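# Structure at a glance
Listed below are the residues making up each chain.
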Amino acid sequence: MFITFEGIEGAGKTTQIRHIADYLSAKGHRCMITKEPGGTAIGRRIRAILLDPDSRGMHPGTELLLYAADRNQHIQELIRPALSSGKTVICDRFHDSTVVYQGYARALDMALIHDLNQRVLADFLPDMTFILDLEPTIGLKRAWQEVKRGARTDRETRFEKEDLAFHQKIRAGYLDLARRDPVRFTVIDASQDEGAVKDEILRALTDKLQALL
Ligand code: TMP
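## Some details on the sheet that holds strand β4 (residues 128–133)
Strand-to-strand pairing in sheets goes through backbone hydrogen bonds, with the strands running parallel or antiparallel. In space, the five strands of this open sheet follow the order β2-β3-β1-β4-β5, with parallel pairing throughout. At either end of the open sheet lies a strand with only one pairing partner, and these are β2 (31–35) and β5 (185–189). Each neighbouring strand pair of the sheet contributes to a mean axis angle of 20 degrees, computed without reference to strand direction. As defined by bridge partners, strand β1 (residues 2–7) adjoins β4 across five bridges and the pair is classed as parallel. In the strand pairing of β4, phenylalanine 5 is matched with phenylalanine 130. The sheet strands contacting helix α1 (residues 13–26) are β1, β2, β3 (88–92) and β4, and the helix crosses β3 at an angle near 170 degrees. Each of β1, β4 and β5 touches helix α8 (residues 194–212); the most contacted strand, β5, lies at about 165 degrees to it.

## Describing the site of the ligand
In the vicinity of the ligand lie 15 residues, with Tyr67, Arg93, Thr98, Gln102 and Arg152 positioned nearest. For the ligand, a nitrogen atom lies 2.8 Å from a polar atom in the side chain of glutamine 102. In the environment of the ligand, an oxygen atom lies 2.5 Å from a nitrogen or oxygen atom belonging to the side chain of arginine 152. With the chains in place, 96% of the 480 Å² that the ligand exposes on its own is no longer accessible. Those elements that provide at least two residues to the shell around the ligand are α2 (41–51), α3 (60–84) and α4 (95–105). In terms of residues, the shell around the ligand owes the most to one element, α4, which gives four residues. Each residue belonging to the shell around the ligand can be placed in one class, and the counts come to five nonpolar, three polar and seven charged.

What counts as what
Residues numbered from 1 in each chain as written. Predicted model: local features only at pLDDT ≥ 70, side-chain atom pairs only at ≥ 80, totals over all residues. Heavy atoms only, no water. Pairing = 2+ DSSP bridges. Helix = DSSP H or I, 4+ residues; strand = E, 2+ residues; numbered from the N terminus. Axes fitted to C-alpha atoms, helices over the stretch in contact; angles between N-to-C directions. Contact = heavy atoms within 4.5 Å. Near = heavy atom within 4 Å. Polar contact = N/O pair within 3.5 Å; in protein donor to acceptor, adjacent residues only side chain to side chain. Areas by Shrake-Rupley, 256 points an atom, 1.4 Å probe, with all protein chains shown as cover. Nonpolar A, V, L, I, M, F, W, Y, C, P; charged D, E, K, R; others polar.

Structure, rendered in structure tokens:
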């Protein structure tokens, strides 16, 4: 089973992914947690280029191709083998991030993005995707607090430095994707406290697991 988590900066994906992995592991699933960009050693080098605030001169097309390169390596090296061996893979961001960040927010050609995603993913799609939905002013505040207390490096803040309008487009993009495919996506209100968010995700997860059986 392949589960992805999406959302704006500071939505709490990392924390919730840990909760879900604990829950599934207790139920007997062998879980692998991973993320994009940077799920592999090669991907971590690509991540450093992508998120470095000094990369501000990066052309949007270059950005798109680097995310695609990271994803290709990630699927081939890590995700596909893990799924083939029967593991449950939980991934912090996947191809929907490209549709939303490079498509909705950077306004790159959607047909090109879908074509690239199609080539990299082939027959491959998450079984379920949780969108942690949050007002961008709150998310950005949380994200910068993490940088301040050292939980996140300031060498990875190129997207946090984008303006509020950019982050509003991201949020609207995710909600639009969810409207178009309510079967794969579940939108979770991430403004609630950590425990309430966890409970809501677990409820949706249990329903979906039953539907998949
Ligand atoms: P994060 O690992 O802290 O979520 O940071 C990753 C950043 O990269 C985040 O701002 C979203 C962005 N991103 C894209 O723009 N396109 C993509 O395809 C992916 C996977 C991430």
